[in-house]
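Coordinate inspection notes
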Amino acid sequence: GYTISGPLFGTYQMMFAVITPCLMTGAFADRMNFGPYCIFIMLWVLFVYCPWCHQMWGGGFLAKEGVFDFAGGIVVHTTAGWSSLAACLALGKRKVVAEGGE
């Protein structure tokens, strides 16, 4: 079979690690300052994203149970969606109101 190098595999995985927080950014708009956002994303990648990656792609529990993740849909979209919902509930309403809004 074909094999790929470690650096190439790492680069491919990093693409998913970079795009997933971008999906959540809209949920944080006007709710969080940039500095705390950067800290949150770093911690989120370490404590949420990486364990899910291992469970799906690294031979973890879900992979052993036969769960297939086609094109990163479970890891990327599930972690981004549920984390966005949790952050919105924790942070509350937006701090800035659009023109004409209440």
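The structure this text deals with has already been given above.
What you see is a predicted model, and the numbers here were worked out from it, not measured in a lab.

1. Focus on helix α4 (residues 73–91)
Spanning 19 residues, α4 covers 26 Å between terminal C-alpha atoms, matching the ideal 27 Å at 1.5 Å per step. Residues of α4 that are buried: Val75, Val76, Thr79, Ala80, Ser83, Ser84 and Ala87. Axial view of α4: buried residues confined to an arc of 130 degrees, hence all on one face. Within α4, the exposed residues directed more than 90 degrees away from the buried face are His77, Trp82 and Leu89. Against the buried residues of α4 lie α1 (6–28) and α2 (34–57). The positive-phi residue at the C-terminal boundary of α4 is glycine 92, with phi of around 85 degrees.

2. Here's the deal with the nonpolar core
Counting residues in each nonpolar core, the largest one holds 14 residues, and the members touching the most others are Met24, Phe28, Ile41, Tyr49 and Val75. Counting residues per element, the ones that place at least two in this core are α1, α2 and α4. The element that contributes the greatest number of residues to this core is α2, accounting for six residues. Leave out the neighbours within four places in its chain, and methionine 24 touches Phe40, Ile41, Trp44, Thr79, Ala80, Ser83 and Ser84.

3. As for the environment of tryptophan 57
Position of tryptophan 57 among the secondary structure elements: in helix α2. By relative accessible area, tryptophan 57 is classed as partly exposed at 27%. C-alpha of tryptophan 57 to C-alpha of phenylalanine 16: the two residues are 41 residues apart in sequence and 12 Å apart in space. If we ignore the near neighbours within four places in the chain, the residues touching tryptophan 57 are Gln13, Phe16, Tyr49, Asp69, Gly72 and Val75.

4. Quick word on a nonpolar patch on the surface
There is a patch of nonpolar side chains on the surface, built from Ile39, Met42, Leu43, Leu46 and Phe47 and spanning about 560 Å² of accessible area. Note on placement: phenylalanine 47 falls in helix α2.

5. Let's talk about the state of the cysteines
Taken as a whole and judged by the stated rule, the model has zero disulfides. The thiol of cysteine 38 is unpaired, and the distance to the nearest cysteine sulfur, on cysteine 22, comes to 11 Å. Judged by relative accessible area, which is 27%, cysteine 38 ranks as partly exposed. Take cysteine 53: it sits in no disulfide, and the sulfur closest to it among the cysteines is that of cysteine 50, at 6.0 Å.

Parameters at a glance
- Residues numbered from 1 in each chain as written.
- Predicted model: local features only at pLDDT ≥ 70, side-chain atom pairs only at ≥ 80, totals over all residues.
- Heavy atoms only, no water.
- Helix = DSSP H or I, 4+ residues; strand = E, 2+ residues; numbered from the N terminus.
- Expected span 1.5 Å × (residues − 1).
- Buried < 20%, exposed > 50% of the residue type's maximum accessible area, 1.4 Å probe, protein only.
- Arc of directions from axis to C-beta.
- Contact = heavy atoms within 4.5 Å.
- Core = buried A, V, L, I, M, F, W, Y, C linked by side-chain atoms within 4.5 Å.
- Patch = residues over 30% accessible without salt bridge, like charges linked within 9 Å, V, L, I, M, F, W, Y side chains within 5 Å.
- Areas by Shrake-Rupley, 256 points an atom, 1.4 Å probe, with all protein chains shown as cover.
- Salt bridge = Lys/Arg side-chain N within 4 Å of Asp/Glu carboxyl O.
- Disulfide = S-S within 2.5 Å.

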